Every structure is written in C-alpha cells, then in structure tokens.
Amino acid sequence: MTTAPTPVPTPAATDLGGGAGPSGTVSKTSPTPPRRRLRPRGGSWLATVPLLAFFAISFGLPAVAIAIGAFTASSDAETGAGAFTTANLTDSVQGAYWTALLSSVKLSALTALLGTVLGLPIAQAVVTSRFRAVREAVLSASGVLANFGGLPLAFAFVATLGNAGELTKLLHLTDHGWSLYSFTGLTVVYLYFLVPLMVLSITPALDGLRAQWREAAHNNRATTLQYWRHVALPILFPSLLGGFVLLFGSAFAAYATAAAMVGATVPLISRSIADALSGNVLVGQGNLALALSLDMIVVAVLVMAVYLPLQRRSARWLN
C-alpha cells in the first residue's frame, strides 16, 4: 500500500516574513521605511549672493545716498554746507513742490485706475478667445506698446492729437475744448502704454481661473454678472491691485513723455526734481531734489504696503 506524498509549500507561496501566502495563513510584511526629506545643502544660499549683491548695489546704495542727502545741507549753500538739516524735507512738502507731488499722485492714480478697468476686459477677451493667433498677436503688441514711451510717444501724439494734429483737424476737436497739452491730454497719452501693461500683468491671473468655478456658478443659477461679482473678482482682486500698483509706479516715475509734451503746464514731481537738479528755479537745490526723490519713495512704499498683504490671498486661490 502506497501513501500520497505530503505537499511541500513552494518558495513562491511563502513570503519574506515566513508565512504562507495562498495556504491561508496571515503573512507578515516588513514596514516600509519612512522617506527622508531632502534638505537643501548648507551652501545652497550662495546661489542668491549675486542677486543680493546686484540689489544692494543697484537699489541699496542709491537709496542710502538719497536718504543721507535729503537730510544734509547742499554743498552749494552759503552757510552750513554738509550739515544735518530737515529744511529740505520741509520745503519739499510746501508750495509748488507739494502741488507737484499731489498732481503726480492724482495723475498716477487716475491713469492706473483707468488702465486697470480698461485692461481687464481686453485681457479676458484674449484669454477666452478660441484663436491662438489672436492671443499671441495681442500679447505681442501689448509687450511692444507697454515699452513705447518717451520722446517718440510724445511726438506721435503731438502729430496726431496736437493743436495741428491730423485727428484734431479732421474731427474739429479744438472746437469741443480738446487740448493735448493739459491734464486730460496727458492722461490719454499715459493710457497708451498703461493699458497694454495691464493686459500683460493680469493675463496670467485670468489663466488661473478654473472653468469648474464658472460651471459651478452656472449650475447654481448664477448669472455671468453674479459670477464675476461673487467669485472671479474677489479672487482676482489682489492681482488687480498688483496691476494697479505696477501701473501707478510706471505713471508716477514717467518723465520724458510729460517733459516733452506739456513741459511746466502740468506740475509733476519728476519735473520738479529735474528743475531742482539743473538749477532752473534756484541755484544750490541739489539736496532738495533728493528730498523730493525721498518723497516719491515714501509714496511708493505706502502703495506697496497696501498690496503685499493681499498677495498671499491671490496666490492661495490661483495656485
């Protein structure tokens, strides 16, 4: 009488922990070791040294020189040359200089607001366009127009909308009170390069809006206006504010276009700085020009202080 051989489990049926897999016994698996987080090496910060050095040389040293010169009497002064004084800052916020500062802030805020309002729908039309060629053409043109300024821009508008410009004569704009060499005319000229700049700056934020948000709003019977009011605009608000700050800074620092077109007709802080440096008004006012420059830096810092706290909110949603 022969007996059947006892089956022996094959190695494939036995796991690494010693238990049989398909034989019904519970197999034990070794725990997976935790992954180690890669930490940056101690010398990785050296890559930022060139950037920090460039920032310190290009921005730090001029800022320190402006701050020191603003609180120092001019070397051309009759008495107290090189001594500490607050007269420069006091004079920079009085009289014609204060008027020029307020006029520059008013012009920059108005043109930045108009550029933001006009640039947003243009950028939205570009983003939602089905034709890729339209998007590329508009963005390329915006990149060119955003950097078109100075004397060429002033000459182009004088030849087109000046007192003897082609459109001025064709449409009889002078009879309706139009004047290019005024605050209104300068506003129109600034919009020529601020609107394209806004299109370039807000387009990436519009690309970050997800189609699911619009679909969810429509599924809840929200109109297009309600979607923009309650969903899109609150998310885009920090980006819009960032674009406004960028446009404000560009208009606030513009000099060549206004100097060539309106001269002293419209008081601007940039023109006041140039007059103080060249001595067109009074001799020995070089440090007063530095005080005016410090006023511009203070205005720019205040505007940036409003924008930076809201930047994280936009990044959280759009990323």
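In this text, all values refer to a predicted model and were calculated from it rather than measured experimentally.

A. Focus on the overall build of the protein. Scanning the protein for helices and strands turns up 12 helices and 0 strands. Summarising the internal contacts of the protein: among those between residues at least 6 apart in sequence, 68% fall at separations of at least 24. Surface accessibility of the protein: about 20300 Å² in total, with carbon and sulfur atoms responsible for 66%.

B. The arrangement of the pattern of salt bridges in detail. This model, assessed by the stated rule, comprises 3 salt bridges. The salt bridge involving R135 is made with D207; its shortest N-O contact spans 2.8 Å. Note that R135 is positioned in helix 4 (residues 132-145) and D207 in helix 7 (residues 183-207), a separation of 72 residues in sequence.

C. Spotlight on the nonpolar core. Formed by 54 residues in total, the largest nonpolar core has its most connected members in L186, Y190, I202, L206 and L209. When residues of this core are traced back to their parent elements, those giving at least two are helix 3 (95-127), helix 5 (151-161), helix 7, helix 8 (211-219), helix 9 (224-253), helix 10 (256-261), helix 11 (269-278) and helix 12 (286-318). The element that contributes the greatest number of residues to this core is helix 9, accounting for 12 residues. Those residues in contact with I202, other than ones at most four positions away along the chain, are G119, L120, A123, S239 and L240.

D. A nonpolar patch on the surface, seen in detail. A cluster of nonpolar side chains, L51, F54, F55 and F59, forms an exposed patch at the surface whose accessible area comes to about 480 Å². Here F55 is to be found in helix 1 (residues 49-70).

E. Region of interest: unusual backbone geometry. Although it is not a glycine, H172 adopts a positive phi angle of roughly 55°. Within the fold, H172 resides in the loop between helix 6 (166-171) and helix 7. A relative accessible area of 48% places H172 in the partly exposed class. Even without a glycine there, the phi angle at R221 is positive, about 65°. Turning to its location among the elements, R221 is positioned in the loop between helix 8 and helix 9. Given the relative accessible area of 77%, R221 is considered exposed.

F. View of the packing of aromatic side chains. On inspection of all chains with the given rule, the structure shows 8 aromatic pairs. Ring centres of F157 and Y192 lie 5.5 Å apart, and the angle between their planes is 85°; this geometry places the pair in the edge-to-face category. Of this pair, F157 sits in helix 5 while Y192 sits in helix 7, placing them 35 residues apart in sequence. An aromatic cluster is present here, built from F148, F157 and Y192 joined pairwise through their rings. One cation-aromatic arrangement involves K106 over F183; the distance from NZ or CZ to the ring centre is 5.2 Å.

G. A look at empty space enclosed by the protein. For the coordinates displayed, the defined rule picks out 1 cavity of 30 Å³ or more. Space inside the largest cavity adds up to approximately 30 Å³. Along the walls of the largest cavity sit S104, L107, S108, Y190, A251, F252, A254, L268 and S270, which together make up its complete lining. Listed by contribution, the elements that provide at least two residues to the lining of the largest cavity are helix 3 and helix 9. No other element matches the 3 residues that helix 3 contributes to the lining of the largest cavity. Considered class by class, the residues forming the lining of the largest cavity number 6 nonpolar, 3 polar and no charged.

So, how was this worked out
- Here, residues in each chain are numbered from 1, in the same order as that chain's written sequence.
- In keeping with the predicted nature of the model, local features appear solely for residues at pLDDT of at least 70, side-chain atom pairs appear and are counted solely at 80 or more, and the whole-chain, interface and lining totals rest on all residues.
- Water and hydrogen atoms were dropped before computing side-chain values, which therefore reflect all heavy atoms in the structure.
- Only DSSP runs of H or I reaching four residues or more are called helices, and only runs of E reaching two or more are called strands; each is numbered from the N terminus.
- Any pair of residues with heavy atoms lying within 4.5 Å of one another is described as a contacting pair.
- We get accessible surface area from the Shrake-Rupley algorithm with a probe of 1.4 Å; when it comes to residues, only the shown protein chains can shield them.
- Between Lys or Arg on one side and Asp or Glu on the other, a salt bridge is scored when a side-chain nitrogen of the former is within 4 Å of a carboxyl oxygen of the latter.
- The term nonpolar core refers to a set of buried residues drawn from Ala, Val, Leu, Ile, Met, Phe, Trp, Tyr and Cys, joined through side-chain atoms within 4.5 Å.
- Relative accessibility thresholds used throughout: buried, under 20% of the residue-type maximum; exposed, over 50%; partly exposed, between the two (1.4 Å probe, protein chains only).
- Like charges are joined within 9 Å and nonpolar side chains (Val, Leu, Ile, Met, Phe, Trp, Tyr) within 5 Å, but only among residues with over 30% relative accessible area and no salt bridge; these make up the patches.
- Each Phe, Tyr or Trp ring (for Trp, its six-membered ring) is paired with any other whose centre lies within 6.5 Å, and the angle between the two planes then decides the class: stacked below 30 degrees, edge-to-face above 60, tilted in between.
- The rule for a charge over a ring is simple: NZ of Lys or CZ of Arg within 6 Å of the ring centre, and within 35 degrees of the ring normal.
- Using a 1 Å grid laid over the protein atoms alone, points where a 1.4 Å probe fits but cannot get out form a cavity; open sets with protein on both sides within 12 Å along at least 5 of 7 lines form a pocket; any residue with an atom within 4 Å of a point counts as lining.
- Grid points are joined across faces, edges and corners, and a volume is the space filled by probe spheres set on the points.
- Residues are grouped as follows: Ala, Val, Leu, Ile, Met, Phe, Trp, Tyr, Cys and Pro are nonpolar; Asp, Glu, Lys and Arg are charged; every other residue, Gly included, is polar.

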